[in-house]
Number of protein chains: 2
Amino acid sequence: MSLSKFQLLLGLIFLFMFELTVMKIFETNKAPNPRRVRIFLAEKAIEMEYIEVNIAGGENLTPAMRAKNPTTKIPFLELDDGTCIGETTAICRYFEELNPENPLMGRTPLEKAQVEMWQRRVEFHFMLPIGMCFQHTSGYFKDRMKPIAEWGKVSGENAIAYFNELNKHFKTSTYLVGDYFSIADINLLCAIDFARVVKIRPSEEYTYLLAWYKKVSARPSYSA
Amino acid sequence: MSLSKFQLLLGLIFLFMFELTVMKIFETNKAPNPRRVRIFLAEKAIEMEYIEVNIAGGENLTPAMRAKNPTTKIPFLELDDGTCIGETTAICRYFEELNPENPLMGRTPLEKAQVEMWQRRVEFHFMLPIGMCFQHTSGYFKDRMKPIAEWGKVSGENAIAYFNELNKHFKTSTYLVGDYFSIADINLLCAIDFARVVKIRPSEEYTYLLAWYKKVSARPSYSA
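Residues numbered from 1 in each chain as written. Chains lettered and ligands numbered in written order. Predicted model: local features only at pLDDT ≥ 70, side-chain atom pairs only at ≥ 80, totals over all residues.

Describe helix H7 (residues 183-194) of chain A, with residues and values.
Given 3.6 residues to a turn, an α-helix orients residues that are three or four positions apart in the same direction. All names here are of chain A. The end-to-end C-alpha separation of H7 is 16 Å, in line with the 16 Å expected for twelve residues at 1.5 Å each. Of all twelve residues in H7, eleven are buried; the element is thus mostly enclosed. Of all the positions in H7, only Ile183, Ala184, Asp185, Ile186, Asn187, Leu188, Leu189, Cys190, Ala191, Ile192 and Phe194 are classed as buried. Contacts from the buried residues of H7 go to helix H2 (32-43), helix H4 (88-98), helix H5 (109-138) and helix H8 (207-217). (Helix = DSSP H or I, 4+ residues; strand = E, 2+ residues; numbered from the N terminus. Expected span 1.5 Å × (residues − 1). Buried ≥ 20, exposed ≤ 12 C-beta atoms within 10 Å, placed from the backbone. Contact = placed C-beta atoms within 7 Å.)

Lay out the sheet that holds strand S2 (residues 49-52) of chain B with the relevant residues and their values.
Residue and element names in this part refer to chain B. If you trace the four strands from one edge of the open sheet to the other, you get S2-S1-S3-S4, paired in mixed fashion. With one partner strand each, in any of the chains shown, S2 and strand S4 (84-86) form the two edges of the open sheet. This sheet shows a mean twist of 25 degrees between the axes of neighbouring strands, independent of strand direction. Summarising the sheet, strand S1 (residues 24-27) and strand S3 (residues 76-78) pair through three bridges and their orientation is antiparallel. Opposite Ile25, over in S3, you have Leu77 as the bridge partner. (Pairing = 2+ DSSP bridges. Axes fitted to C-alpha atoms, helices over the stretch in contact; angles between N-to-C directions.)

Give a description of the relation of the copies chain A and chain B that names residues and reports values.
Each copy superposes on the other: chain A lies on chain B with an RMSD of 0.2 Å after a rotation of 180 degrees and an axial shift of 0.0 Å. Look at the turn and shift together and you get a two-fold axis relating the two. Closest approach to the rotation axis within chain A is made by the C-alpha atom of Trp151 of chain A, at a distance of 3.4 Å. The fraction of interface residues of chain A whose copies in chain B are also interface residues reaches 96%, indicating that both copies meet through the same surface. (Least-squares fit on C-alpha atoms with pLDDT ≥ 70 in both.)

Kindly report on the pairing of strand S2 (residues 49-52) of chain A, identifying the contributing residues and their values.
Looking along a regular strand, one sees the side chains alternate between the two faces of the sheet. All names here are of chain A. Pairing of strand S1 (residues 24-27) with S2, which is carried by four bridges, proceeds in the parallel orientation. In the sheet register, Ile25 faces S2, and the bridge partner there is Tyr50. This β-α-β element, S1 to H2 to S2, shows right-handed connectivity. (Right-handed = clockwise from strand over helix to strand, strands pointing away.)

The following block contains the structure:
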């Protein structure tokens, strides 16, 4: 059965090449930053291979992983040639530039600036404080950082205070940037959902914020 | 002297229009984020009007200023029509898109992603910790936030630890993104200079980092 052996060998070669050459994203399915990328790619209808990394078990801290991504943060993208791109927004930028259809980072210079502005506001005034609250009150990463409970508490209070700003904004704006759904909305959506781990949710009084949430969470990309 | 009165009126009308229509940036000259924008614009040879805001005195907190920029952070850009764009990187993105000559945010999809990656790494692993160290150990903004000294101390230690990562990177890379000078280098330069306020400086052992610093601080834009 010489042909059969030859076929088997060919199959193995193809499998090996497949492993070496297919673009993939290393992530942790339940974490908020990987979800930002998954929703972004779903909105742009880009197929992707995802590799689950066991963060709690420290799989991201191995020398092999540090060689790919020195910060040890997830997600990161590995290209066909082995080049790695870390940071959620950098991964999104790569695909926005390569696949400009259905733009999510703005269509004009002004809109691109406004998307960047809201992306940053949501990160610095809500998502980052939620992350600090989680890391410093849960002790989830206490094997690799020093939690400071008081800072976690203040961060949570700062995040909650930002609900009021967001609610005021959505009184006159459909999405974060006018009537244009963007990466900034994806960011806020993922941050609000993640905030549940520290029991932070927008209360009933924030009707405009909740109306926005209902709209964006009804998009098919929500389950990505 | 009817003509003279007419000329005076014309002059006043022009002055009034000038005030209303000239694009300007509200900033605080000594703060690090406004400097990032000034260097960026100097590298692109874009002239700008700068309005000094007295942050320590709370001038950024007035209702008029909040109407322009609800986060109360500086810098922010006011366009001819009154539209305001906050967040340092959003202001830079606006000019990068309007004036693509001498690009500082990448020239290809991959390079744009790499610039964004390094911009973010420098922000999250160095500039933000330096800012936290300053705010939480100096008490500079204690009238508007609650400083937590321990968090300030840990943040300073985290920032110092990142010098080693940067030094390793510059061993094989001229700038943060290969041989391409970008907004990420401007960010790191401004953050390193600002770190002096909390007495944090790269020590002599970080020869590659210091060689990079010498190169970027020799550019004419340094004094912007």
